[in-house]
Amino acid sequence: MTTTANPAQAHDTAPDATGPAVVVRDLRQRYGTFEAVRGVSFEIHPGELFALLGTNGAGKTTTIETLEGFRKPSSGTVRVFGADPYGQPVGVRERTNAVLQGSGLLEDLTVGETVSLAHDLAAAPRDAEEVLGLVNLLDKRRVAVRQLSGGQKRRLDLGLALVTSPEVLYLDEPTTGMDPEARQETWRIIGDLKRDGVAILLTTHYLEEAERLADRLAIMHRGEVRVEGTLAGVLAGWGDRVSFLLPEDVRTGDLPSLPGAEVAVETRDHSLWATYTVLDGDVSDRAHHAVAALIGWAAGNGTTLKNLQVRGASLEDVFLRVADGAADLVRD
Ligand SMILES: Nc1ncnc2c1ncn2[C@@H]1O[C@H](COP(=O)(O)OP(=O)(O)OP(=O)(O)O)[C@@H](O)[C@H]1O
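The chain goes by ABC transporter ATP-binding protein in an unreviewed UniProt entry, where it is assigned to Streptomonospora nanhaiensis. As its UniProt record puts it under Sequence similarities (unreviewed entry), the chain is described as follows: "Belongs to the ABC transporter superfamily." Within the UniProt record for the chain, the comment given under Subcellular location (unreviewed entry) is "Cell membrane".

Listed below in structure tokens is the structure:
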């Protein structure tokens, strides 16, 4: 339960069951003359996970630090529950928490002491046992932080953020250093938080993590959002891929052109592969029509399509195009 001394502020930060928990509008952030964030906008609703992805130095951490209230926007607006988070006013601070990149854990304390300390500092803390249970560290209660593995320290970081039962949670690369099993476990915890109505902003370089968790996502490059939308919407806009080994007696120029598709030939494992990127048509059957046309063409030429593969675009395909600077702004 949040208490505020200032009734006007209490009104400002009153929960809105239907509205977004976080609103960022045309955010710009400068370090001296360098503009690190250049006009970023997004919203995050309760129970929604928004993944902010991007190349190194794209401006993700700067954006999170601004949302947390550590930085005043150079221009644009940032609102958390309707309030300006700059300076972490009461009413925002108590409803938000973060797992940041640099962990501030005290190595000499035990895991139990670490959680108890956070518990003692919080206004309305979650039970310490419950926190340890949530992040699966109950059996490490008496172990010194210094003896934890990198992945276990990251889980403890997450546990500390959960002590205050935040309604908005910022996760800056929360699974770095975790093995696949620990990562899966952390994804389960994050999924539960979403179901409990927490609004989550996630940054990660693990694209599979975003594919698993994100309701919506944005990909930033050089301070700008280059791609934004739901995962399905973003991937649909980047086409299906139909690939096969280029038949030995077929030259690149002999390949048929298909409506709404682009063809490219590349070398993989010392062999030439043809890949059609099918962009136009109904997402549910455009690959089918492309494959049917290609099989018809092959049959007419007395050849077969060897190692035929069909797949949708992956987030990695989209990300690499963004990193190349090849993606024009896409909003789904
Ligand atoms: N305190 C600072 N002073 C000057 N420049 C900074 C400062 N902090 C960040 N930058 C610059 O701002 C840009 C954005 O950095 P930021 O840390 O927000 O990127 P990021 O997307 O989180 O990157 P990464 O994925 O590598 O963590 C980078 O070019 C970085 O060098």
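Note that strand 1 (residues 22-31) and strand 2 (residues 34-44) share eight bridges and pair antiparallel. Looking at the pairing, Leu-27 lines up with Val-40 of strand 2. With antiparallel pairing between neighbouring strands as the criterion, strand 1 and strand 2 make up a hairpin whose turn holds two residues, including Gly-32 at a positive phi of roughly 65°.

Moving on: the sheet that holds strand 1. With antiparallel pairing, three strands are arranged side by side in an open sheet as 2-1-4. The two strands at the open ends of the sheet, each matched to only one other strand, are strand 2 and strand 4 (75-80). Adjacent strand axes in the sheet meet at a mean angle of 25° when their direction is disregarded. Pairing between strand 1 and strand 4: five bridges, direction antiparallel. From the neighbouring strand, Val-24 faces strand 4, where its bridge partner is Val-78. Those strands touched by helix 2 (residues 60-67) are strand 1, strand 2 and strand 4, and its axis lies near 120° from that of strand 1.

So, on to the pairing of strand 5 (residues 96-99). Across the two faces of strand 5 the burial is the same, with Thr-96 and Ala-98 and Asn-97 and Val-99 all buried. Of the strand pairs in this sheet, strand 5 and strand 6 (residues 168-172) are connected by four bridges, and their pairing is parallel. Pairing of Asn-97 across the sheet is with Leu-169, part of strand 6.

Those residues of helix 3 (residues 111-121) that sit buried are Val-111, Thr-114, Val-115 and Ala-118. Buried residues of helix 3, seen end-on, are gathered within an arc of 90° and therefore sit on one face of the element.

A separate point is the packing of helix 3 against helix 5 (residues 150-162). Closest axis-to-axis distance for the helix 3/helix 5 pair is 9 Å, and the angle between their directions is 25°. Considering their axes alone, helix 3 and helix 5 lie roughly parallel with respect to each other. Helix-helix and strand crossings are classified by hand; for helix 3 and helix 5 the assignment is right-handed. Contacts between helix 3 and helix 5 involve Val-111, Thr-114, Val-115 and Ala-118 from the first element and Leu-156, Gly-159 and Leu-160 from the second.

Scoring rules and cut-offs
Residues numbered from 1 in each chain as written. Predicted model: local features only at pLDDT ≥ 70, side-chain atom pairs only at ≥ 80, totals over all residues. UniProt positions renumbered as here; feature names shortened; annotations may be inferred. Pairing = 2+ DSSP bridges. Helix = DSSP H or I, 4+ residues; strand = E, 2+ residues; numbered from the N terminus. Axes fitted to C-alpha atoms, helices over the stretch in contact; angles between N-to-C directions. Contact = placed C-beta atoms within 7 Å. Buried ≥ 20, exposed ≤ 12 C-beta atoms within 10 Å, placed from the backbone. Arc of directions from axis to C-beta. Parallel < 35°, antiparallel > 145°, perpendicular 65-115°, else oblique. Left-handed = near helix turned anticlockwise from the far one by under 90°.

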